[in-house]
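Results of the structural survey
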Amino acid sequence: MSDDIPFDRAFDLAPDRVEEIAPGVRRILADNPGPFTFKGTVSYIVGSGKVAIIDPGPDDDRHIAALLDAVRGETVTHIFVTHTHRDHSPGVPAIKAATGALVLAEGPHRPARSLHIGETARLEASNDLDFRPDRKLADGEVIVGAGWTIEAVATPGHTANHMAYALREARLLFSGDHVMAWSTSIVAPPDGAMSDYMASLEKLARRSEETYFPGHGGAVRDAPGFVRSYIRHRQGRESSILHRLSKGAADIPTLVRAIYIGLDPRLAGAAGLSVLAHLEDLVARGIIATEGAPSIAGTYRLAG
Ligand SMILES: [Zn+2]
């Protein structure tokens, strides 16, 4: 099913090691590997002397110490946050306290839609609900630092507040969890929304940056082509859902079994939510129907 995306899982950065990956761009890996985080969260340092940090990462003493060590003798002027999942933003308070840097992001965490009964617990488990930026960024806003220029690129879908950041001097884009070389992005309602996610992919496919540096794993090369393969992959998944529903009504576990072959059992819950994201979108477009609001427990059928 995912053979259509030219994944690249090559990534051998050890935790705490600082690596220069482009002129004026360094990266450092947090030691929080897992099924959703791959080898761990990657934090980036942009510039030299007066620098910006993109995604301080989890609230992990060792990673925060390594990050501060990497910028010893320099001034951190800005902290950019791609989104408010717990593997990206909870390191902000410690880095801000140590550096006094200005924290910039799209905004606090918020779901992509209003919540159904029972969804609150899941939100609190994965989200950094305490995060507040010093300054909210709008789509297209440009921040000029000492020798670097960063454009905020609103990319909702993985979360409602997801921002990518384009570094103009190096013509590259920090893509957060929206586009990653090792895996597709998780789009899980109510944090995520498939219609937003697809629109954000279309937006990136029209941009000129050839290289993306994501929140997990290594660089995305030939990025516009890679983004188009992501789009085709989701269109293919939508077709698979519709094909299964053409044989009769089905619930989400049935759809997951029909669509995800050889799924890592640890990802079954995420796969169910990803299918829900497609179903919400298909219901909104009037292509399929369910009783009441689309929910994880619902049964779905073709409309009409
Ligand atoms: Zn992440």
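Now for a description of the structure that goes with this document. (Residues numbered from 1 in each chain as written. Predicted model: local features only at pLDDT ≥ 70, side-chain atom pairs only at ≥ 80, totals over all residues. Heavy atoms only, no water.)

In terms of regular secondary structure, the protein chain is built from 7 helices and 15 strands. A compact globule built from 304 residues should have a C-alpha radius of gyration of about 19 Å, and the protein chain, at 19 Å, falls within 12% of that. Each of the three principal axes of the protein chain carries a C-alpha extent, and together these read 65 × 40 × 35 Å. Burial analysis of the protein chain (304 residues in total) assigns 54% to the buried set. Counted over contacts in the protein chain with a minimum sequence separation of 6, partners at least 24 positions apart contribute 62%. When the accessible surface of the protein chain is split by element, carbon and sulfur atoms take 52% of a total near 12600 Å². (Helix = DSSP H or I, 4+ residues; strand = E, 2+ residues; numbered from the N terminus. Rg over C-alpha atoms; globule rule 2.2 N^0.38 Å. Buried < 20%, exposed > 50% of the residue type's maximum accessible area, 1.4 Å probe, protein only. Contact = heavy atoms within 4.5 Å. Areas by Shrake-Rupley, 256 points an atom, 1.4 Å probe, with all protein chains shown as cover.)

This part is about the coordination of the zinc ion. On the protein side, the zinc ion has Asp87 (OD), His88 (NE2), Asp177 (OD) and His216 (NE2) as donor atoms, found 1.9 to 2.2 Å from it. Mapping the donors of the zinc ion onto the primary sequence gives the spacing D-H-x88-D-x38-H. Of this pair, Asp87 sits in the loop between strand 5 (75-80) and helix 2 (92-99) while His216 sits in the loop between strand 12 (211-214) and helix 5 (223-245), and the two are 129 residues apart along the sequence. Comparing Asp87 with His216 shows no difference in burial state: the two are buried. (Donors = N, O, S within 2.8 Å, 3.2 Å for Na, K, Ca; no water.)

Okay, the environment of Ser185 next. Here Ser185 shows up in the loop between strand 11 (172-176) and helix 4 (194-205). Considered as a pair, Ser185 and Val103 are 82 residues apart in the sequence and their alpha carbons are 25 Å apart. With sequence-adjacent residues up to four places away left out, Ser185 is seen in contact with His158, Asp177, His178, Met180, Tyr197, Tyr230 and Arg234. Within the local environment of Ser185, its side chain forms a polar contact with the side chain of His158, the two groups lying 3.4 Å apart. (Polar contact = N/O pair within 3.5 Å; in protein donor to acceptor, adjacent residues only side chain to side chain.)

Let us look at the packing of helix 6 (residues 252-259) against helix 7 (residues 268-284). Following both chains from N to C, one finds helix 6 and helix 7 inclined at 105 degrees, their axes separated by 9 Å at the closest point. Comparing their axes, helix 7 and helix 6 come out roughly perpendicular. Residues Ile252, Leu255 and Val256 of helix 6 touch helix 7, and the partners they reach there are Ala271, Gly272, Val275, Leu276 and Leu279. When grouped by side-chain class, the residues that make up the contact of helix 6 with helix 7 number 7 nonpolar, 1 polar and no charged. (Axes fitted to C-alpha atoms, helices over the stretch in contact; angles between N-to-C directions. Parallel < 35°, antiparallel > 145°, perpendicular 65-115°, else oblique. Nonpolar A, V, L, I, M, F, W, Y, C, P; charged D, E, K, R; others polar.)

Applying the stated rule across the entire model yields 17 salt bridges. The closest approach of N and O atoms between Arg266 and Asp264, which form a salt bridge, is 2.9 Å. Of the residues examined, Asp264 reaches a relative accessible area of 26% and is grouped as partly exposed. (Salt bridge = Lys/Arg side-chain N within 4 Å of Asp/Glu carboxyl O.)

The subject of this paragraph is the nonpolar core. In terms of nonpolar packing, the biggest core is built from 50 residues, with Phe80, Tyr165, Phe174 and Val179 touching the most fellow members. Ranked by the residues each element gives to this core, the list is headed by helix 4, at 6 residues. Discounting chain neighbours no more than four positions away, the residues touching Val179 are Leu201, Leu204, Tyr212, Pro214, Val220, Phe226, Val227 and Tyr230. Judged by nonpolar contacts, the second largest core, of 18 residues, contains Ile28, Ala70, Val71 and Phe131. (Core = buried A, V, L, I, M, F, W, Y, C linked by side-chain atoms within 4.5 Å.)

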